[in-house]
Each structure stands twice: as structure tokens, then as C-alpha cells.
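Each chain, letter by letter, is given below.
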Amino acid sequence: MSIFDKIFGDANEKVLKILRPVVEEINGLEKKYKAMSDEELRGQTLEFRKRLGLGNAENTIPSAPFVKGELLDKILPLAFAVVREAAKRVLGQRHYDVQLMGGLVLHRGQISEMRTGEGKTLVATLPAYLNALAGRGVHVITVNDYLAKRDAAWMGKVYDFLGLSVGCITHEQAFVYANEADDKLKEAPRKDAYNCDILYGTNNEFGFDYLRDNMVPDLASMAQRGLNYAIVDEVDSILIDEARTPLIISAPAEESTEKYYKFADLVERLVENEDYNVDEKMRAATLTEAGMAKMEAWLGVDNIYTSAGLGDAHHIEQALKARVLFKRDRDYVVKEGEVIIVDEFTGRLMFGRRYSEGLHQAIEAKERVNIQRESLTLATVTFQNYFRMYKKLSGMTGTAVTEAEEFAKIYKLETVVIPPNRPMIRKDLNDLVYRSEMGKFQAVVAEVKRRHLTGQPILVGTISIEKNELLGEMLEREGISPQILNAKHHEKEAQIISQAGRLGAVTIATNMAGRGVDIILGGNPVDITEQKKVLQAGGLHIIGTERHEARRIDNQLRGRAGRQGDPGSSQFYVSMEDDLMRIFGGDRMKNLMATLKVPEDLPIENGLVSRSIESAQTKVEGNNFDIRKHLVEYDDVI
């Protein structure tokens, strides 16, 4: 506990103290609603809407009058108690007290930090129902289309039982909840989905629909209505990790040209530190005077700036960046003759997004695929600005507290840490640091083999598709066949990762593959005999093969084990050749290991190393925060 906490008290505990009496009040109403018939319980929605001054409104009111927050607060205990009873009847799931607390935090327009496996999807039903009563719509935002559809169909049962309408938007389709449909979702026009009381979808879809609405010829063609209240699931991923990339709607500007291929060929002939310099920290590559002179000679011009204007010089620099800074299977993949960006934080493929200012074309030329035309921006918005347009914003995640300052400064969102339902008993072991990357991978394979013999399930987290495949091959040579997840097929991968807790399972996944899916020990559905054996073996063991730039991403990986009081363990394997250590880690450690002639496969485990890693991560987090802060300040000026 810090000296400030001793003097002023723990700020988080103060918030929880305010929430506990409300939770007691909700618990006190449980008997009353338990005694009601299904019809009486369903009738409470109409009763609540009358109390909010919305007359006999039985369904969505697209242009409902604004309901003051105090009126919602008055019916909050009743509404939460009704949702809890409905969930118990329809899903067989009763909200725990800590889940009620999480719901209260979301209703207050704050961020609720809840550990993995604490049931955040169910928590969202409480504030979503209460705020949807006002008739102005609630948006529940998830990280991918699969989760949006899954949650709309799953939690839609509760809302439908209580007489509210539910919708879902995905990349190319829109749905409304329909009980008679096989998967509970029926395809519908996008506008109908937006007119539902509660709408599930991804941040990209909401953002692009907003941009499209700003380009329509008349009001009748708009899909969205006012931005009233949003609950953002995995809020750190959406409001922080993806905030640096603006959403852009573009149109073709000019025909592609052979110049891209020509420049790609020429930069291959340049020599580092002689013709160009690379600054990995700043992600920059610049030509030296000697390099520029070579390019001018090869192109047969005296001065590239006067003979071809700034355009050619710019495209040469982009070709150089594409060659030296952007790596295949790390920053992008080539799929069916197309260059697709890989999200550096989530490991997911970002279909439809392209690098701007000719960089994407430069990468296409480097990979010798068909070059698509450059684009002209028609409309753009950053996630930071889009989400700040909501009248009320809230979010939930397992890891927000390390970024609490950013949430407060940019979004004016407070973070509240909700205690777990059961104490966490996972063992987080010290990092093991190796001199070389190959030494590290050999140690990971040996550890997986050792634990696999005991039947303990293992989840190995990597930071790129390339490393996933390398580790997979190394394990197969040792006779172990792992499941490999590259965040390419969300639905299929969700099914695979839900089985990662089975006896003897070995799963290798990029950071975010299968996010939003719980790993239940003994498989899903649970095999009780198998579950007992897994518990005896020590539960799920997490191996991180590299420290990420943000501590939060490491904590998310760790959080896959030890859900709901289960046993589990985690350990990170780091090498001095990892990007984080190489670029930001300082030279002291590297020189020390070289001087002591540390063998490749001998790990170092001490405080100096851990501090060096933490300090590197803090530096990068600060640097990334500055970039996002400048982006939002620039947006505000415009």
C-alpha cells in the first residue's frame, strides 16, 4: 500500500463501499421476483417504462424523449433484480454479487475491471437492460463478429424474455433476434438493427456506419440513430490498442503504376548504414546522401526532387520502409494474392484496412502481388473521437488498471477493480531470460514436453503467426501435435480454445486468438473424471514466449489460467534478441551476458532482469500513450 493510500484511503475501496448497500438492496428483492410468474416478470418492463414517463411504450422508441439519469437510478435495484431472475430462468445463470457490482460500475459510466472467467458477458445484461428502458438504444461493442453474434443470440434470450428487441451488426450483414430462427438471429436491414433496444456489434462496424451516415444524401438513408450509451467489452483493446488507427472510407484516386515495382527492385540493392539508416524505436528508415545519389544514378536523373517532384522521392522512402521495417507474417500476411495487415496487439487479420500514403502499394510491390490503386480519403474518424460522442460510455476488461491514466485523460473514464468471486490461486513464476531466441525456444519445447508427460494442459502464447508456426514445427519434431491458432477464423478458433483445458492439450496461440472464450478445465462440456485429473496435474499452465510492449497484453495471457479459483500457473520466456529487449532494453544486460559467456540454453533469473523488462515496457507504454494523445489533440483542433 502506498503512503497516499494510507493517508487518504484506497480510492477503489471507497467506490466498492458505495456499491455494497445497493447490492444488498437488489438481493433483498430476489424473493419478490422469484414468486412472480413468467408473464408478471415480463410485465415489469412496461411498468418500468411507465415510471420513466414513456407512457405505454411496449417497444423501441426511435425518437424517445431524453430520460434523466436520476429516474433510471431510482428503478435500478428493481431492474437489476428483474434481469437476475430472468437470466436464472432463461439461461440457468444467476448473477453473483460481484457481477452486480460490475453492472453498477458500468451504469455509472465507468470501467469495470474483472478477471477472466468472471462472466463479463452476463454482467453487461444488467446496465444494458436498465438503460434500454429509456428507449434511446444501447450499443454493446465486442472485438470480433463471432463474439457479437454469439452474445446477441445468447444474451438475447434474456432481453427477449423481458420484451426488449435485440439486434446485431457484422461486417456485411445485420440481424434481429427472432426466437423462431435456428440460431436465434434473423437477417434484417441495417436500420432495423439500429432501431433495436440493444445492439451488438464490433467497434469497426459502428465506426464505419457512422462515416457512411455522414455521406448519405438525406436523413432517411441514415442507419444509426443518436449515440446514447455504449458498453465496450475488452475496452482496453478497443479504446487503446486500436485507437491509433483511424477508420477511413476512401475512393480510388489514380491508376497503379509500374513505378512501385521499379522502386521495390532498386531499394533491394541498397546497403544499410551506407545508403540508408534505420531507427527501429521510431519505426523510421531514411536514405543517406550516398543512397539518394545511387537512386538518382539508377533512375538516370540529376536531381530527383526537381525532375520528378516530391512524389517519386516519397515513394522511394515508402519502398525502403516496406523493405526494412515491415516483415511478412509479423506486420502483414499475403493471402490469395492480397496483402492483409496483422494487428500488432491482437494478432488478428484486419480485412479491409490498408496502409496509407502509398505504403500498402510499396508492400504489394515488394511481395510481387497485384498492386491496388492508391486511395483518396472521403471520410475519416478515430475511435477516440467516435466513442467520445456517446452521451454515456462504459467498458469492461480483465486488464485496465495499468492504463487507468489514459482512460481518465482521454475518455474521462474512471477504472474500478471488482474483486473476484473466488480467490485467485494461480502461481505466476519469475521470467526466464536467455541469450538467444533459439536457446529460448528450445527451453520452451523442453518445458512443454516435461509438463505434457504429466497430462497438464498447456497454452503457449506468441506474438506473431511466424513464431507460432516455428514453435509448432519444433514441437512436432518432439512428437507433440499442438493446436495452432492464428486469429484467422474466430468461430473455429473459439471452439478450439474452449477445449484448451482438456487433459494433455497443447495449444499455441497468438495474443488474442480466441479472446472472449473461457478455458474450462476438463473441456467444454466438462468431463468430470478428466477435470479431476487436470486439477491434480496443476490446472492450465501458460507459457509466454515473449514480453509484449504493453504489460496489459502479458496480463491478459496470464489471465487465461486460474479462472474462478481454479489452480494454474504462468511463466514468461524472454531472450535478449526479442524486439522489446533489443530496441528498448538497454545494453547493460546484453554486455553482461556476452562478458560472462552465458550459454544459449542457460536461463538467468534475477531482479535486475525483471526490472530491465518492466522498465522497457513502461518506456514503450509511455511512448504509445503520447502518440495516441497527440492524435486526439490533432483531431480536436481539426
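Below: a short report on this structure. Nothing here was measured: the structure is a model prediction, and the numbers come from that model.

Rules of the game
- What you see as residue numbers is a count from 1 along each chain, following the sequence as written.
- It should be noted that, the model being predicted, local features are given only for residues of pLDDT at least 70 and side-chain atom pairs only at 80 or more, the latter also being counted only at that level, while totals for whole chains, interfaces and linings use all residues.
- To obtain the side-chain values, all non-hydrogen atoms of the structure were used and water was disregarded.
- The criterion for strand pairing is that DSSP finds at least two bridges linking the strands in question.
- Helix numbers and strand numbers start at the N terminus; a helix is a DSSP run of H or I with at least 4 residues, a strand a run of E with at least 2.
- Burial classes follow relative accessibility: with a 1.4 Å probe on protein chains only, a residue under 20% of its type's maximum area counts as buried, one over 50% as exposed, and anything between as partly exposed.
- Definition of a polar contact: a pair of N or O atoms within 3.5 Å, with one able to donate and the other able to accept a hydrogen when the atoms are protein atoms, and with sequence-neighbouring residues admitted only if both atoms are side-chain atoms.
- Contact definition: two residues touch when any of their heavy atoms are within 4.5 Å.
- The convention used is that axes are lines fitted to C-alpha atoms, helices contributing only their stretch in contact, and that angles between N-to-C directions extend from 0 to 180 degrees.
- Angles are sorted into four bins: roughly parallel if under 35 degrees, roughly antiparallel if over 145, roughly perpendicular if 65 to 115, and oblique for all others.
- With the far helix as reference, a near helix turned anticlockwise by less than a right angle produces a left-handed crossing, and one turned clockwise produces a right-handed crossing.
- Charged means Asp, Glu, Lys or Arg here, nonpolar means Ala, Val, Leu, Ile, Met, Phe, Trp, Tyr, Cys or Pro, and polar covers whatever is left, Gly included.
- Under the convention used throughout, the expected extent of a helix is 1.5 Å for every residue step, that is, one less than its residue count.
- Any carboxyl oxygen of Asp or Glu that lies within 4 Å of a side-chain nitrogen of Lys or Arg is treated as forming a salt bridge with it.

### So, the sheet that holds strand β12 (residues 338-342)
Spatially, three strands are ordered β11-β12-β13 in an open sheet, and the strand pairing comes out antiparallel. The strands lining the two open edges of the sheet, one partner per strand, are β11 (332-335) and β13 (349-350). Where β11 meets β12, four bridges bridge the pair, whose relative direction is antiparallel. Note on β12: the bridge partner recorded for Val-333 is Ile-340.

### Here's the deal with the side chain of Lys-467
With respect to the secondary-structure elements, Lys-467 resides in helix α21 (residues 465-477). On the basis of relative accessibility, which here comes to 16%, the residue Lys-467 falls in the buried class. A polar contact of 3.3 Å, which involves the side chain of Lys-467, links it to the side chain of Glu-437. Apart from the residues lying within four places of it in its own chain, the contact partners of Lys-467 are Glu-437, Phe-441, Thr-462 and Glu-546.

### Re the packing of helix α6 (residues 97-107) against helix α8 (residues 125-132)
At a closest axis distance of 8 Å, the pairing of α6 and α8 adopts a crossing angle of 45°. With respect to α8, the axis of α6 lies oblique. When the axes of α6 and α8 are compared, the crossing they make is right-handed. In this structure, α6 contributes Gln-99, Leu-100, Gly-103, Leu-106 and His-107 to the contact, and α8 contributes Leu-126, Pro-127, Leu-130 and Asn-131. For the contact of α6 with α8, the residue count by class is five nonpolar, four polar and no charged.

### Here's the deal with the pairing of strand β2 (residues 138-142)
With five of its five residues buried, β2 lies for the most part within the structure. Alternating positions in β2 separate into two faces, Val-138, Val-140 and Thr-142 on one and His-139 and Ile-141 on the other, with burial throughout. Bridge count for β2 against strand β6 (residues 198-202) is five bridges, and the pairing is parallel. If you follow Thr-142 over to β6, its bridge partner there is Thr-202. Pairing of β2 with strand β7 (residues 229-233) involves four bridges; the strand directions are parallel. Counted as the bridge partner of Val-140 is Ile-231 from β7.

### Observations concerning the sheet that holds strand β4 (residues 174-177)
To summarise the sheet geometry, strands pair through backbone hydrogen bonds and adopt either a parallel or an antiparallel arrangement. Read across the open sheet, the nine strands follow the order β5-β4-β3-β6-β2-β7-β15-β1-β16; overall the sheet is mixed. Here the strands that pair on one side only, and so sit at the sheet edges, are β5 (185-187) and β16 (415-417). Direction aside, neighbouring strands of the sheet carry axes that sit 20° apart on average. In the sheet, strand β1 (residues 111-113) pairs with strand β15 (residues 392-397) via three bridges, with the strands oriented parallel. Bridge assignment links Ile-111 to a residue of β15, and that residue is Gly-395. Contacts between α8 and the sheet are confined to β2, β6, β7 and β15, with β7 contributing the most and set at about 165° to the helix. Contacts from helix α9 (residues 145-161) reach β2, β3 (166-169), β4, β5 and β6 within the one sheet, and its direction differs from that of β3 by about 175°.

### Details of α8
Of all eight residues in α8, eight are buried, a share of seventy percent or more. All of the buried residues along α8 are Thr-125, Leu-126, Pro-127, Ala-128, Tyr-129, Leu-130, Asn-131 and Ala-132.

### Details of α21
An ideal rise of 1.5 Å per residue puts 18 Å on 13 residues; α21 measures up with 19 Å between its terminal C-alpha atoms. Along α21, the positions that sit buried rather than exposed are Ile-465, Lys-467, Asn-468, Leu-471, Gly-472, Met-474 and Leu-475.

### Brief notes about the pattern of salt bridges
Tallied over the full model, the rule gives 32 salt bridges. With its nearest N and O atoms 3.4 Å apart, the salt bridge here joins Lys-88 to Glu-85. Of this pair, Lys-88 and Glu-85 both sit in helix α5 (residues 69-90), three residues apart, which is roughly one turn of that helix. Arg-328 serves as the salt-bridge partner of Glu-367, at 2.9 Å between the closest nitrogen and oxygen. Of this pair, Glu-367 sits in the loop between α17 (359-366) and β14 (374-381) while Arg-328 sits in the loop between α16 (309-324) and β11; the two residues are 39 residues apart in sequence, bridging distant segments of the chain. Judged by its relative accessible area of 18%, Glu-367 is buried. The network of salt bridges with shared partners includes Glu-30, Asp-38, Arg-84, Glu-85, Lys-88, Arg-89, Arg-94 and Asp-97.

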